[in-house]
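Residue-level structural notes
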Amino acid sequence: MRAYSVSSFDISPTIAEVDVRSPKSGEVAVAIYACGLNFADLLLLRGKYQDTPDLPFVPGLELAGVIEAVGADVDELAVGDRVAVFSGQGGLAEVGVFPANRVTRIPDEMSFADAAAFQITYGTGLVALDHCARLQPGETLLVTGAAGGVGLTAVEIGKRLGARVIAHARGAEKLAVAKAAGADHLIDASDDLRQSVKDLGGADVVYEAIGGEVWTAAFRATNPGGRLLPIGFAGGEVPQIPANHLLVKNLSVIGFYFGGYIKSHPAVVRGAIERLLQWYRDGSLRPHISHRLPLDQVADGLELLRSRTATGKVVIMIRPDQQ
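Residues numbered from 1 in each chain as written. Predicted model: local features only at pLDDT ≥ 70, side-chain atom pairs only at ≥ 80, totals over all residues. Heavy atoms only, no water.

**Topic: the overall build of the chain**
Along its length, the chain carries 11 helices and 15 strands. The globule rule puts the C-alpha radius of gyration for 323 residues at 20 Å, and the 20 Å found for the chain is close to it. Overall, the chain is about 55 × 40 × 35 Å in size when its C-alpha atoms are taken along their principal axes. Within the span of the chain, comprising 323 residues, buried residues form 55% of the whole. Across the chain, the centroid of the 30 positively charged side chains sits 5 Å from that of the 36 negatively charged ones. (Helix = DSSP H or I, 4+ residues; strand = E, 2+ residues; numbered from the N terminus. Rg over C-alpha atoms; globule rule 2.2 N^0.38 Å. Buried < 20%, exposed > 50% of the residue type's maximum accessible area, 1.4 Å probe, protein only. Lys, Arg positive; Asp, Glu negative; His and termini not counted. Charge placed at Lys NZ, Arg CZ, Asp CG, Glu CD.)

Laid out in structure tokens, this is it:
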């Protein structure tokens with residue numbers, strides 16, 4: 001099969017022919033139709049991600065397709081099932097073999113592109129905001145990087161949970177995307193974030209994906225008793241948190257990593273995905289996919305993430321998306 005293969009952290013990955021193995025006990029083989037790209041894939045290619053596999057490997061953390069073989073001791077899935085997989089790796093290939101406990105059936109009305117763009121961003125948003133930060137109706141949620149993959153879904157979920165949402169993004173086009181997702185207030189990245197948020201009454205919960213000075217400004221605009229979620233560091237600088245300020249304002253900083261939660265709190269993640277899929281069925285959620293690219297253009301898709309040019313998700317279409 002063809003796959004986007006990483007053989008060295010010092011050499012650019014290539015589209016290569018790699019062997020396909022049969023599923024072992026507890027595994028399924030999936031014919032992959034679509035793979036969603038994530039910022040973590042950029043870290044994987046540099047060997048900087050917390051779950052970087054041994055070389056050689058195929059990146060691609062989430063995918064959708066059709067089961068074409070099942071291993072022993074797999075009872076709840078069958079050949080022909082349409083599924084999404086939080087794979088951790090292996091999504092940028094024509095076929096992959098994955099643990100059955102990472103596989104979720106998808107609704108008949110859900111396209112493979114939507115399914116490949118769904119689990120990580122929406123799962124991160126719902127578990128982080130609802131389970132971890134306990135976002136309440138009527139509270140104010142600040143989302144930075146609000147037109148990106150995780151940010152845009154946080155805007156949608158925040159509104160679904162009854163919050164007033166402030167979206168922070170760069171430029172009119174990205175802010176328009178955030179507004180269409182339900183944002184109540186818009187702040188351009190060129191504006192004074194701290195003062196703008198304070199003028200709106202401050203933030204009760206902060207969903208922060210940029211880091212650096214953006215984190216610092218959001219931190220200073222958080223109301224007493226507020227909760228802050230450092231979701232990522234797309235700006236490249238990991239912030240340092242002044243503990244004395246946490247004490248003065250009674251703030252909570254809550255670390256959250258979706259992959260880790262799948263291992264430590266699987267029931268929470270399963271419940272969140274089921275809830276999200278129900279919201280998809282009733283039309284409340286629809287992934288925003290700014291780019292659909294073929295497997296030969298994975299490098300272009302990753303550059304869209306690196307340059308923060310894309311809005312919402314970039315999806316690699318391995319096969320034609322036939323619902």
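**Considerations on the environment of Lys 249**
With respect to the helices and strands, the residue Lys 249 is situated in helix α8 (residues 243-249). C-alpha of Lys 249 to C-alpha of Gly 226: the two residues are 23 residues apart in sequence and 8.1 Å apart in space. Setting aside residues no more than four positions away along its own chain, Lys 249 makes contact with Phe 219, Arg 220, Thr 222, Asn 223, Pro 224 and Gly 225. (Contact = heavy atoms within 4.5 Å.)

**Some words on the environment of Arg 134**
Structurally, Arg 134 can be placed in the loop between α3 (119-132) and β8 (140-144). Here the alpha-carbon distance between Arg 134 and Pro 107, two residues 27 residues apart in the chain, equals 28 Å. Aside from chain neighbours lying at most four places away, what touches Arg 134 is Leu 129, Glu 139 and Arg 227.

**Here's the deal with the nonpolar core**
Among the nonpolar cores identified, the biggest contains 96 residues, and Val 30, Leu 92, Leu 129, Leu 141, Tyr 207, Leu 229 and Leu 276 are the most heavily contacted of them. Judged by nonpolar contacts, the second largest core, of 16 residues, contains Ile 166, Trp 215, Ala 217 and Leu 251. (Core = buried A, V, L, I, M, F, W, Y, C linked by side-chain atoms within 4.5 Å.)

**Some thoughts on the pattern of salt bridges**
Applying the stated criterion to the full structure yields 11 salt bridges. Between Glu 94 and Arg 2 there is a salt bridge, and its shortest N-O distance comes to 3.6 Å. On the criterion of sequence distance, the pair formed by Glu 94 in the loop between β5 (82-86) and β6 (95-99) and Arg 2 in strand β1 (residues 2-5) is long-range, its members being 92 residues apart. Among the residues examined, Glu 94 registers a relative accessible area of 25% and is labelled partly exposed. With its nearest N and O atoms 2.9 Å apart, the salt bridge here joins Arg 21 to Glu 27. By relative accessible area, Arg 21 is classed as partly exposed at 40%. (Salt bridge = Lys/Arg side-chain N within 4 Å of Asp/Glu carboxyl O.)

**Some remarks on helix α11 (residues 298-306)**
Among the residues of α11, Val 298, Gly 301, Leu 302, Leu 304 and Leu 305 are the ones counted as buried. Buried positions in α11, seen along its axis, are confined to an arc of 150° and lie on one side of it. Next to the buried residues of α11 lie β1, α1 (39-45), β14 (289-294) and β15 (313-317). Where α11 ends, the next residue or the one after it, Arg 308, has phi of about 55°, a positive value. (Arc of directions from axis to C-beta.)

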